[in-house]
Amino acid sequence: MNRVAASLATEGTDSCLRELDRLAPRIGLAEVRLDLMRSFDVAKLVASSPVPLILTCRPEREHGGFTGHDSERMRILRTAHDSGCAYIDVEADCLHLVAGWGGGSPTQVIASQHWFDRMPPDLLGAYRDLRDRCAVVKLAGTARSAADVLPVLELLQNAGTPVIGLAMGTPGTCTRILAPAFPQTVLTYGAATPAALTAPGQITVDEMTGRYALHLVTPATKVYVHVIEAEAQEQDVLRAQHQAAPGAELHVPLSTTDPTLPVRLTEVLSGMTVCTYPPPSGG
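Residues numbered from 1 in each chain as written. Predicted model: local features only at pLDDT ≥ 70, side-chain atom pairs only at ≥ 80, totals over all residues. Heavy atoms only, no water.

Caption draft 1: The arrangement of the environment of Gly103 in detail. Tracing the chain through its elements places Gly103 in the loop between β4 (87-91) and β5 (108-115). For Gly103, a relative accessible area of 86% corresponds to the exposed category. Sequence-wise, Gly103 and His81 are 22 residues apart; in three dimensions their C-alpha atoms are separated by 9.8 Å. (Helix = DSSP H or I, 4+ residues; strand = E, 2+ residues; numbered from the N terminus. Buried < 20%, exposed > 50% of the residue type's maximum accessible area, 1.4 Å probe, protein only.)

The following block contains the structure:
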């Protein structure tokens, strides 16, 4: 199952569909940010998309582009829900507004919560509070340092129901790369192009699939997290990734000067290998 999802914010319906057609060979699904589009036809998007869609309409308070009243935003999301798209993404504090939406639609609800200024230490607790109220829990905090990836990795490692977990910001990019290797991960987001990032720390779909072969990564993939300190060391990790069989191995760099982080990562990442740089002699 390809868990790479493009996150799209185009001007209109037709341009969105063109991007979806271009990206379709490399992605398993796509998030369409309705709040960042000038105009859209939900029914046409869903009917014509070559991949399953997640439709999102993020308000300003959640760093989105929708400036109208919440009742109008809910009307848009209800239209999306009734269109039969794969998912709608609803903020956790609005879950009660969609609780009665059924009507035979196959659309499932992602409950999302973002922390744009910090990384909460207990994402697993936030997940447990939400998991029985929706199909998928999405939690995203902001990583200020490499250690801030630990709550996200703990969440992905221990979730027992479908989940999306990521650390925003450059220090958190590794969580986006590692995500498909966890059993309960639904997706990981990539940008359509370098100029079309929809969140800090994103990398492109091309990089996800071309460099890391994330479309082939599964929980059976052998994962190596390389704790590094310098850019030259990152190039060594990328060479290891280039030489690996796509989908069989995944080599991910994580830059830090924190000497305690490798041990903490090993405690969280059951089944994955944490490597320090330089590697132990004879290893």
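Caption draft 2: Broad picture of the sheet that holds strand β10 (residues 249-255). Across the sheet, which stays open at both edges, the three strands sit in the order β10-β9-β11 with parallel pairing between neighbours. Looking along the sheet, the strands with just one partner apiece sit at the ends: β10 and β11 (273-276). Within the sheet, the average angular offset between the axes of one strand and its neighbour, ignoring direction, is 25°. Strand direction decides the pairing type here: strand β9 (residues 222-228) and β10, joined by seven bridges, are parallel. The partner of Ile228 across the bridge, within β10, is Ser255. Packing of helix α8 (residues 231-243) onto the sheet brings it into contact with β9 and β10, and relative to β10 it is tilted by some 170°. Across the sheet, helix α9 (residues 261-268) touches β9, β10 and β11, and the angle it forms with β11 is around 170°. (Pairing = 2+ DSSP bridges. Axes fitted to C-alpha atoms, helices over the stretch in contact; angles between N-to-C directions. Contact = heavy atoms within 4.5 Å.)

Caption draft 3: Geometry of the packing of helix α4 (residues 123-130) against helix α5 (residues 150-158). Packing of α4 against α5 brings their axes to within 8 Å, and their N-to-C directions diverge by 45°. Our classification of the angle between α4 and α5 gives oblique. Here Leu123, Leu124 and Tyr127 of α4 lie close against α5, whose contacting residues are Pro151, Val152, Glu154, Leu155 and Asn158. By residue class, the composition of the contact of α4 with α5 is six nonpolar, one polar and one charged. (Parallel < 35°, antiparallel > 145°, perpendicular 65-115°, else oblique. Nonpolar A, V, L, I, M, F, W, Y, C, P; charged D, E, K, R; others polar.)

Caption draft 4: A look at the nonpolar core. Counting residues in each nonpolar core, the largest one holds 82 residues, and the members touching the most others are Leu34, Leu55, Leu139, Leu178, Leu250, Leu265 and Leu269. The contacts of Leu139, once residues within four sequence positions are left out, are Gln113, Trp115, Leu123, Ala126, Tyr127, Leu130, Leu155, Ile164, Gly165 and Leu166. (Core = buried A, V, L, I, M, F, W, Y, C linked by side-chain atoms within 4.5 Å.)

Caption draft 5: Spatial organisation of α9. Listed as buried for α9 are Leu261, Pro262, Leu265 and Val268. When α9 is viewed along its axis, its buried side chains cluster within an angular range of 125° and face the same direction. Opposite the buried face of α9, at more than 90 degrees from it, the exposed residues are Val263 and Glu267. Among the structural elements, α5, β9, β10 and β11 are those in contact with the buried residues of α9. (Arc of directions from axis to C-beta.)

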